[in-house]
Amino acid sequence: MPFRTVTTLQSWIDDFRALGYDDADILRVIPQDSENGEDAGLIAAKLRSVSTTFYVAPGSEPGATDWSVTFEPREDAAPLAAGRVMALAGELATLAALCSFLQARSEAFLAAAD
């Protein structure tokens, strides 16, 4: 998908940060190995409240514009005090807003390409 390039994703993340989300600084674009060698990226984030690995990526179906957050499995339990749960809720709200933002950008990108 053409909107998965590192350059495009970085531009979109910069635009998302400019909207003023408190936790948007946890986001970064990383290169992704693609099957056909094209320039592709993923959005990763380092949560402050819990050390869980995850990434944000578009759907895999051709023409898909939906985005989702994938949390990778943890080896150990992660008990959190109330304050850290509140912080995690804020970070997850930012990720949810990011997915909606990216879906709108993806739909606009594909509509402009038609």
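Residues numbered from 1 in each chain as written. Predicted model: local features only at pLDDT ≥ 70, side-chain atom pairs only at ≥ 80, totals over all residues. Heavy atoms only, no water.

A. Main features of the overall build of the protein chain. Across its full length, the protein chain carries 2 helices and 4 strands. Each principal axis of the C-alpha atoms in the protein chain carries an extent, and together these give about 50 × 30 × 20 Å. Out of the 114 residues in the protein chain, the part that is buried amounts to 36%. Contacts in the protein chain between residues at least 24 apart in sequence constitute 56% of all its contacts with a sequence separation of at least 6. Total accessible area on the protein chain is roughly 6700 Å²; 53% of this is exposed by carbon and sulfur atoms. In the protein chain, 8 side chains carry a positive charge and 17 a negative one; their mean positions are 9 Å apart. (Helix = DSSP H or I, 4+ residues; strand = E, 2+ residues; numbered from the N terminus. Buried < 20%, exposed > 50% of the residue type's maximum accessible area, 1.4 Å probe, protein only. Contact = heavy atoms within 4.5 Å. Areas by Shrake-Rupley, 256 points an atom, 1.4 Å probe, with all protein chains shown as cover. Lys, Arg positive; Asp, Glu negative; His and termini not counted. Charge placed at Lys NZ, Arg CZ, Asp CG, Glu CD.)

B. The arrangement of the sheet that holds strand S2 (residues 41-45) in detail. Strand order in this open sheet of 4 strands is S1-S2-S3-S4, and the pairing throughout is antiparallel. One side of each edge strand has no neighbouring strand; the edge strands of this open sheet are strand S1 (27-31) and strand S4 (67-71). Each adjacent strand pair in this sheet contributes to an overall mean axis angle of 30°, direction not counted. Running over the sheet, helix H1 (residues 6-18) touches S1, S2 and S4 and is turned about 180° from S1. (Pairing = 2+ DSSP bridges. Axes fitted to C-alpha atoms, helices over the stretch in contact; angles between N-to-C directions.)

C. Expanded view of the pattern of salt bridges. As enumerated under the stated definition, the model contains 4 salt bridges in all. In this structure, the salt-bridge partner of Arg 105 is Asp 15, at a minimum N-O distance of 2.9 Å. With Arg 105 in helix H2 (residues 82-113) and Asp 15 in helix H1, the pair connects residues that are 90 residues apart, well separated along the chain. Under the relative-accessibility criterion, Arg 105 is labelled partly exposed at 25%. Counted as one network, the salt bridges with shared partners bring together Asp 23, Asp 25 and Arg 48. (Salt bridge = Lys/Arg side-chain N within 4 Å of Asp/Glu carboxyl O.)

D. A look at the packing of aromatic side chains. One pass over the full model with this rule turns up 4 aromatic pairs. Taking 6.2 Å as the distance between ring centres and 75° as the angle between the ring planes, the aromatic pair formed by Trp 12 and Phe 109 counts as edge-to-face. With Trp 12 in helix H1 and Phe 109 in helix H2, this residue pair connects regions lying 97 residues apart in the sequence. Overall, the relative accessible area of 6% leaves Trp 12 in the buried class. Geometrically, the ring pair formed by Phe 16 and Tyr 21 is stacked, given 4.5 Å between the ring centres and 10° between the ring planes. Under the relative-accessibility criterion, Tyr 21 is labelled partly exposed at 35%. Among the aromatic residues, those joined into a cluster by ring pairs are Phe 16, Tyr 21 and Phe 101. (Phe/Tyr/Trp six-rings, centres within 6.5 Å; stacked < 30°, edge-to-face > 60°.)

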